[in-house]
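This is what each chain is made of:
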Amino acid sequence: MKKILISLFFALFFCALLVGEASGAERGKMTLNGNMTSLKHGDTVTLTIELNKNPGIKTLRCTVGFDPQVLEFVKAEKTRTLPNFSLDGKEDGILLRWGSDEDTTATGELAHVTLRVKE
């Protein structure tokens, strides 16, 4: 259980919003939420990746990393918050990417990621 919580903590830690910013510009904010209580071997957990604060972005790249010895990727589903948003699931993480020629200030859920606790 400790390994699971530590892995999910690091996943949240590495989830970063990469936005080129000008001096004095506001920063964006992303969160990773999920119910991680009472997880046992074989259980799945669905995490929600949300863009909470968006001062205006043209590109976004976020990696949700996890320990592949503890968790395995099951699936990732994108939402309609950012059009043409891409998700690439790998053994040790999920890469989220988005880009546009124009700024957008859209906020809301970006994706739902499901992971399974290994045996």
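Just so it is clear, the model here is predicted, and its values are computed rather than measured.

**Overview of the nonpolar core**
With 24 residues, the main nonpolar core has M30, I49, L60, F85, L96, L110 and L115 as its most contacted residues. Secondary-structure elements contributing two or more residues to this core are strand 1 (29-33), strand 2 (44-53), strand 3 (57-65), strand 6 (93-104) and strand 7 (108-117). When residues in this core are grouped by element, the largest group, five residues, is from strand 7. Setting aside anything within four residues of it in sequence, one finds I49 in contact with M30, T31, L32, V64, L96, E109, L110, A111 and V113.

**Quick word on the sheet that holds strand 2**
Here four strands make up an open sheet; going across it, the order is 1-2-7-4 and the pairing antiparallel. Only two strands of the sheet have a single neighbouring strand rather than two, namely strand 1 and strand 4 (71-78). In this sheet, adjacent strand axes meet at a mean angle of 20° when their direction is disregarded. Pairing analysis gives five bridges linking strand 1 to strand 2, with the strands arranged antiparallel. Within strand 2, the position partnered with K29 by the bridge is K53.

**Digging into the pairing of strand 2**
Here strand 2 runs beside strand 7; their pairing, made up of eight bridges, is antiparallel. When the bridges of strand 7 are listed, L51 appears paired with G108.

**Digging into the pattern of salt bridges**
Where charged atoms of side chains with opposite charge meet at close range, the side chains can pair. In total, this model carries three salt bridges according to the counting rule given. Notably, a salt bridge pairs E72 with R116, separated by 3.5 Å at the nearest N-O pair. Of this pair, E72 sits in strand 4 while R116 sits in strand 7, and the two are 44 residues apart along the sequence. For R116, a relative accessible area of 31% puts it in the partly exposed group. Here D88 ties to R97 by a salt bridge, and the two come within 2.2 Å at their closest N and O atoms. Assessed through its relative accessible area of 27%, D88 is described here as partly exposed. You can call R97 partly exposed: its relative accessible area is 33%.

Thresholds, definitions, all that
Residues numbered from 1 in each chain as written. Predicted model: local features only at pLDDT ≥ 70, side-chain atom pairs only at ≥ 80, totals over all residues. Heavy atoms only, no water. Core = buried A, V, L, I, M, F, W, Y, C linked by side-chain atoms within 4.5 Å. Buried < 20%, exposed > 50% of the residue type's maximum accessible area, 1.4 Å probe, protein only. Helix = DSSP H or I, 4+ residues; strand = E, 2+ residues; numbered from the N terminus. Contact = heavy atoms within 4.5 Å. Pairing = 2+ DSSP bridges. Axes fitted to C-alpha atoms, helices over the stretch in contact; angles between N-to-C directions. Salt bridge = Lys/Arg side-chain N within 4 Å of Asp/Glu carboxyl O.

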